[in-house]
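Reading the structure
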Amino acid sequence: MAELTQPATVLAVTDLTPHVRQLVVKPKTSKISFQPGQWVSLKLPVGPKPPLNRAYSIADPPSPYGELTLVFDRVPGGLGSNYLYELRSGDEVLLSGPYGKFVLPQPLDRELLLIARYTGLVPVRCLLKEMFFSKIQTPVLLIAAAPNEDEVLFHQEWLTMGMQLPSFRYLPLVAQNGEAEAVEKALSMLTPLVKGQPKVVPMICGTKAFVRPLLAYFTDGGYARKEVKIETYD
Ligand SMILES: Cc1cc2nc3c(=O)[nH]c(=O)nc-3n(C[C@H](O)[C@H](O)[C@H](O)COP(=O)(O)OP(=O)(O)OC[C@H]3O[C@@H](n4cnc5c(N)ncnc54)[C@H](O)[C@@H]3O)c2cc1C
């Protein structure tokens with residue numbers, strides 16, 4: 001069945017970093033029931049053949065009021081993200097969803113290894129908040145890559161989570177020279193932690209240049225493809 005496309009009202013606009021913005025939107029027709037890790041499709045009135053469809057992961061677990069938190073970076077020359085940067089509180093945007101399979105496996109019977117770069121951290125944040133609220137005890141290791149010191153996302157939240165949840169480990173990294181450097185740094189952090197250890201559940205999110213080499217690391221290391229969950233943004 002086709003998903004309902006409906007207008008949503010922008011409730012709040014907040015800058016999280018110099019190039020990352022958060023929008024809280026509330027669907028007007030019906031509440032969207034979603035699983036943490038899923039995304040919505042925005043239909044934007046721009047481009048040569050509007051609507052321009054752009055996917056945005058949901059950054060906060062389901063709320064009783066139905067509002068959705070979206071977080072995105074401003075892509076230089078990017079049609080969709082630059083349009084979203086013009087939106088103000090009270091404006092409307094068309095969306096549909098939820099979509100996607102980047103959700104927690106059930107049962108979650110192994111350590112969870114979350115690896116994401118920049119706004120690839122958005123669905124990861126939703127998963128982690130849900131796990132935190134539900135008091136899930138599964139051990140979690142998060143490797144979070146930022147493109148520079150000013151663009152580190154959700155750092156404070158994860159430091160706080162690390163203090164409150166002994167089962168949560170957070171390893172931030174900054175790689176200023178793009179995805180290849182971020183992959184190299186992530187591998188140097190995770191290799192001593194996973195090599196020779198029982199299998200974990202890897203979940204990797206970001207652009208293909210970041211996700212694909214990390215996926216290959218696991219599949220070359222003996223993981224079946226379906227044991228590694230990925231979400232690519234481009
Ligand atoms: C399932 C899914 C979930 C997504 N969730 C998010 C999200 O939560 N937050 C978010 O910021 N984006 C997310 N994206 C990416 C988003 O849909 C757009 O592709 C992004 O905002 C760029 O769109 P644009 O029209 O501004 O740029 P375009 O004109 O389409 O240019 C895209 C180019 O910009 C570069 N780029 C820089 N940053 C990004 C980025 N974040 N995503 C993709 N390309 C990028 C790439 O090199 C790409 O070639 C998601 C994509 C998918 C497929």
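The present account deals with the structure reproduced in this document. All figures in this text were calculated on a predicted structure; none of them were measured in a lab. (Residues numbered from 1 in each chain as written. Predicted model: local features only at pLDDT ≥ 70, side-chain atom pairs only at ≥ 80, totals over all residues. Heavy atoms only, no water.)

Brief notes about the site of the ligand
Taken together, 18 residues surround the ligand, and among them R54, A55, Y56, D73 and S81 come closest. In the model, an oxygen atom of the ligand is placed 2.6 Å from a nitrogen or oxygen of the Y56 side chain. Within the contact set of the ligand, a nitrogen atom lies 3.1 Å away from a side-chain nitrogen or oxygen of T119. Protein contacts shield 74% of the accessible area of the ligand, which totals 860 Å² for the unbound molecule. In this structure the site holding the ligand corresponds to the largest pocket. Within the residue set of the shell around the ligand, elements represented by two or more residues are β4 (52-57), β5 (68-73), α1 (79-86) and β11 (229-232). Of all the elements, β4 adds the most residues to the shell around the ligand, at 4 residues. For the shell around the ligand, the residue count by class is 9 nonpolar, 6 polar and 3 charged. When residues are assigned to domains, the shell around the ligand turns out to be shared by domain 1 (6-99) and domain 2 (112-232), each giving three or more. (Near = heavy atom within 4 Å. Polar contact = N/O pair within 3.5 Å; in protein donor to acceptor, adjacent residues only side chain to side chain. Areas by Shrake-Rupley, 256 points an atom, 1.4 Å probe, with all protein chains shown as cover. 1 Å grid on protein atoms, 1.4 Å probe; cavity = no way out; pocket = protein on both sides within 12 Å on 5 of 7 lines; lining within 4 Å. Sits in = over half its atoms within 2 Å of the grid points. Helix = DSSP H or I, 4+ residues; strand = E, 2+ residues; numbered from the N terminus. Nonpolar A, V, L, I, M, F, W, Y, C, P; charged D, E, K, R; others polar. Domains from an automatic or database assignment.)

Topic: helix α5 (residues 208-220)
Over its 13 residues, α5 runs 17 Å from end to end, which matches the ideal 18 Å to within 8%, given 1.5 Å per residue. Taken residue by residue, α5 has F210, V211, L214, L215 and F218 as its buried positions. The buried residues of α5 all sit within an arc of 110° when viewed along its axis, so they share a single face. Seen from the open side of α5, the exposed residues pointing more than 90 degrees away from its buried face are R212 and D220. Packing partners of the buried residues in α5 comprise β7 (112-117), β8 (140-146), α4 (179-194), β10 (201-206) and β11. Of the residues trailing α5, G222 is marked for its positive phi of about 110°. (Expected span 1.5 Å × (residues − 1). Buried < 20%, exposed > 50% of the residue type's maximum accessible area, 1.4 Å probe, protein only. Arc of directions from axis to C-beta. Contact = heavy atoms within 4.5 Å.)

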